[in-house]
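Chains, contacts and geometry: an overview
Spelled out from the first residue to the last, the chains are:
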Amino acid sequence: MASWIYTDKPKENKLFVFKKTFTANGETLNFKVCANSRYRLYINGEFICEGPCKTSAGYKCYEEAEVVLKEGENEIVAQVLYIVKNYASVYNGDEPSLYFDGAYGDFLISTDESFMVAEDNSLSFVDPIWCNFVQSGEIYEPEKGELDFKPAKFLYKQNINNHTRYGGLDKYPLKPRTIPFMKYEEPQNFIFLKSDINLKGEFTPFKTDKDFFVELDAGKYTTYFPKIVLKANKGAKIKITYSESYYGKDYDLFGEKGDRFDINGTLSGYSDLIVSDGKEITFSPTWFRSGRFIRLDGENVTDIEIKELSYRSYHYDLNVVNNFKCSDEEYNKMWEISLNTLLCCMQETYVDCPYYEQQQYLMDSCLTMLYTMSVSPDKQLIKKSIDELADGVGPEGLLYSNYPSKYLQIIPGFPIFFIFMLKNYLMYSIDTFFVKKYLGTVMNILNYFDSKLTPQGYVAGTGYWAFVDWANEWPAGIPGGDPTKPLTYYSMLYSLGLKWAEEIFTAAGMENTVKDFEAKRIALNNAINKYCFKDGVYTNHPNG
């Protein structure tokens, strides 16, 4: 096994460049690679792979690939982004570090002190304007990009099984990536919508000698990497704003969205900034962006040419085999939008919303998994997500509502949807062996709710954020607004969890446990009907 190498920890998010040159005779290099926190790997100037794939705390995924080397000198370059803050679902680790373990012909090549490393000061990072769950905004100043390479430092030698003889775990236990590399679609041009320099139609290169703005449309909502190529006078600043929608005049990120394509409104959102050094610049951010619209604002401009402005949609490489088409074009459009939405929410994990939190939430992922299984036989991301969500065990046996994440939450109702996930997975796969791993997790979730039953037989208030949905009448998404009061919804949700568990445990051949679940469910339903039903409707609270 290879060693980890590192460099000194920065005080803020920082990009580092690790590199090594070596000679070869055209052999094939097979390798494993990982880094802390994120990396993009290039060999002889060609992009090879990125990672490490997001996963549970306590592990890091490694990626595997092979490359045919050149005869003569070859170069490995890893751009390593060390994350101090933001990026909630990416774990930091203690230092910027790299792991590379490869072989070609009779030769081994692995990370050691012969690798060189430098800070890339051309890139700095600013906090996002809405929340610290997502990526940082980037400021690219190529004039600061001179790299001062120094030998990397030895961190530790990885053990074959991630632990010592006596069971002590490695600093960064490794496991293989279990999903395909993300898919980069073919480059697409943006379409001009508005500008103060009279630009229309599909993007074409343009020049101007003054400050300007341009607003453009990707044609659909997408998750993507933009690419801009420009040459401008030294000191010119080009701000790139990424927006989901056009908004009204008094818009902020918590405001209402109306007609998203009303170009009389305003574009607002996360942004990157390029500061020109007077030479040709190519910029693409280190993390994917989301939305449909972008806006360029040029400041301090006396001479600029935008030579290219394109994007490549970026998402999980889903093999879609089931489609829908009918004589009603409205339904056909709904299908296209729904499938596109699914892909935007499929990254290295499922994400609740690709623009905002980018978190794998239990309830959101449960539904997205169900949609995935309805269109594709590919269950790799589904199984990975179930594994990870089951790893996120919080207080009292409950699963965290979002995982993997550095910003953890408890929403007591969400773990019930883990049971729904397993039930749906079993329905589509008949993979009882996989589901059996999580029978204990199901029991812990149900036992939590069982421990909350009142003497009357319904579920008491939990004291946690008892979120149900974002209804205007429900403060913080809680019917009645008081998390300490018993909610009829939670009793009903527990009843559903018992019913779904009956199906799972029946498939596992545990009939006595199924009978126990059934008896509890019947008693619970009786209590709901007795205490939570009044004047022909179910009330928010018992005796409501």
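Our structure's up above, just so we're on the same page.
The rules behind these values
- Every chain begins its residue count from 1, and numbering advances along the sequence as written.
- The model is predicted, so local features are restricted to residues of pLDDT at least 70 and side-chain atom pairs to those at 80 or more, both for listing and for counting; the totals for chains, interfaces and linings are taken over all residues.
- Think of the side-chain values as coming from all heavy atoms in the structure, minus any hydrogens and water.
- Side-chain atoms within 4.5 Å link the members of a nonpolar core, which is a set of buried Ala, Val, Leu, Ile, Met, Phe, Trp, Tyr and Cys residues.
- Each residue gets one of three labels from its accessible area relative to the maximum for its type: buried under 20%, exposed over 50%, partly exposed in between, using a 1.4 Å probe on protein chains only.
- Starting at the N terminus, helices and strands are each numbered in turn, a helix being any DSSP run of H or I of at least four residues and a strand any DSSP run of E of at least two.
- Here, two residues are considered to be in contact whenever any of their heavy atoms come within 4.5 Å of each other.
- Definitions used for this entry: grid spacing 1 Å over protein atoms alone; cavity, a set of points where a 1.4 Å probe fits but cannot get out; pocket, an open set with protein on both sides within 12 Å along at least 5 of 7 lines; lining residue, one with an atom within 4 Å of a point.
- Grid points are joined across faces, edges and corners, and a volume is the space filled by probe spheres set on the points.
- Two strands form a pair only when DSSP identifies at least two bridges running between them.
- Within 6.5 Å between ring centres, the rings of Phe, Tyr and Trp (the latter by its six-membered ring) count as paired, and their orientation is classed by plane angle as stacked under 30 degrees, edge-to-face over 60, tilted in between.
- Two conditions define a charge located above a ring, namely a distance within 6 Å from the ring centre to NZ of Lys or CZ of Arg, and an angle within 35 degrees of the ring normal.
- Convention adopted: a line fitted to C-alpha atoms gives each axis, helices being fitted over their contacting stretch, and angles between N-to-C directions are expressed from 0 to 180 degrees.
- It is the rotation of the near helix from the far one that decides the hand of a crossing: anticlockwise by less than a right angle makes it left-handed, clockwise makes it right-handed.
- Residue polarity is assigned by list, with Asp, Glu, Lys and Arg as charged and Ala, Val, Leu, Ile, Met, Phe, Trp, Tyr, Cys and Pro as nonpolar; anything else, Gly included, falls into the polar class.
- Each residue after the first adds 1.5 Å to the expected span of a helix.
- Any N or O atom pair separated by 3.5 Å or less is treated as a polar contact, with the protein-specific requirement of one donor-capable and one acceptor-capable atom, and with residues adjacent in sequence counted only for side-chain atom pairs.

By size, the foremost hydrophobic cluster in this structure holds 121 residues, and its most contacted members are Ile386 and Phe418. With 10 residues, the single largest contributor to this core is strand E21 (residues 212–232). Excluding residues within four positions of it along the chain, Phe418 makes contact with Leu362, Ile386, Leu389, Ala390, Leu399, Tyr438, Thr441 and Ile445. If you look at the next biggest cluster of nonpolar residues, it comprises 28 residues, including Ala35, Cys49, Ala65 and Val80.

It is worth spelling out the environment of Tyr400 at this point. Relative to the helices and strands, Tyr400 resides in the loop between helix H3 (380–391) and helix H4 (416–429). C-alpha of Tyr400 to C-alpha of Tyr361: the two residues are 39 residues apart in sequence and 8.5 Å apart in space. Dropping the residues within four chain positions of it, Tyr400 is found in contact with Leu362, Gly392, Val393, Gly394, Pro395, Leu408, Gln409 and Ile410.

Attention now moves to unusual backbone geometry. With an omega of -10 degrees, the peptide bond between Gly51 and Pro52 qualifies as cis. Inspection of the secondary structure puts Pro52 in the loop between strand E5 (46–51) and strand E6 (60–68). Between Tyr403 and Pro404 the backbone carries a cis peptide bond, its omega angle lying at -5 degrees. Positionally, Pro404 belongs in the loop between H3 and H4. The phi angle at Asn44 is positive, at roughly 55 degrees, despite the residue not being glycine. Within the secondary structure, Asn44 is located in the loop between strand E4 (38–43) and E5. For Asn44, a relative accessible area of 28% gives the class partly exposed. The residue Ala476 is not glycine, and still its phi comes out positive at about 60 degrees. Take Ala476: its relative accessible area is 43%, and that puts it in the partly exposed class.

Summary: where empty space remains is shown by rolling a probe the size of a single water molecule over the atoms. Of the volumes computed, that of the largest pocket is approximately 1100 Å³. Asp352, Cys353, Glu357, Asp364 and Trp470 are, among the 35 residues lining the largest pocket, the residues nearest its centre. Of all the elements in the fold, those that place two or more residues in the lining of the largest pocket are helix H1 (329–344) and helix H2 (362–375). Per-element tally for the lining of the largest pocket: the top contributor is H2, with 7 residues.

Right, let's talk about the sheet that holds strand E10 (residues 116–120) for a bit. Pairing is antiparallel across the open sheet formed by 6 strands, whose spatial order is E5-E4-E7-E2-E10-E13. Here the strands that pair on one side only, and so sit at the sheet edges, are E5 and strand E13 (150–151).

Further remarks concern the environment of Ile129. Inspection of the secondary structure puts Ile129 in the loop between strand E11 (123–126) and strand E12 (137–140). Residues Ile129 and Ala88, spaced 41 residues apart in sequence, show a C-alpha to C-alpha distance of 15 Å.

Under the defined criterion, the tally for this structure stands at 45 aromatic pairs. Between the aromatic rings of Tyr184 and Tyr314, the centroid separation amounts to 5.0 Å while the plane-to-plane angle is 65 degrees, which identifies the pairing as edge-to-face. With Tyr184 in strand E16 (residues 183–184) and Tyr314 in strand E28 (residues 304–315), this pair connects stretches of sequence that are 130 residues apart. Here Tyr184 and Tyr314 have matching classes, each one buried. Between Phe206 and Phe212, the aromatic rings sit 5.9 Å apart at their centres with planes inclined by 80 degrees, giving edge-to-face as the arrangement. Across this residue pair, the class does not change: Phe206 and Phe212 are buried. Members of the aromatic cluster, each reached through a chain of ring pairs, are Tyr42, Phe47, Tyr87, Tyr184, Phe225, Trp287, Phe288 and Tyr314. Directly above the aromatic system of Phe47 lies the positively charged group of Arg40, at a separation of 4.4 Å from the ring centroid. The aromatic ring of Tyr59 is capped on one face by Lys175, whose charged end is 5.1 Å from the ring centroid.

The N-to-C vectors of H4 and helix H6 (residues 439–451) enclose an angle of 145 degrees; their axes lie 9 Å apart at closest approach. Two packed elements cross with a definite hand, and for H4 against H6 that hand is left-handed. Counting all contacts with H4, which are made through Ile416, Phe418, Ile419 and Leu422, the residues of H6 involved are Thr441, Val442, Ile445, Leu446 and Phe449. Classifying every residue of the contact of H4 with H6 by side-chain character gives 8 nonpolar, 1 polar and no charged.

Taking 1.5 Å of rise per residue, 16 residues should cover 22 Å, and H1 covers 23 Å from first to last C-alpha, within 8% of that figure. Along H1, the residues that are buried comprise Asn332, Leu339, Asn340, Leu342, Leu343 and Cys344. Packing partners of the buried residues in H1 comprise E21, E28 and H2. For H1, the side-chain oxygen to backbone nitrogen distance between the N-cap and Glu330 is 2.9 Å, and the N-cap itself is Asp328.

Before going further, it helps to spend a moment on the side chain of Asn402. By the secondary structure assignment, Asn402 is in the loop between H3 and H4. A distance of 2.9 Å separates a polar atom in the side chain of Asn402 from a polar atom in the side chain of Gln359. Within the structure, the side chain of Asn402 is placed 2.7 Å from the backbone oxygen of Tyr407, a separation counted as a polar contact. With residues up to four places along the chain from it excluded, the contact list for Asn402 reads Phe133, Gln359, Gln360, Tyr361, Tyr407, Leu408 and Gln409.

So yeah, pure geometry; function would need other evidence.
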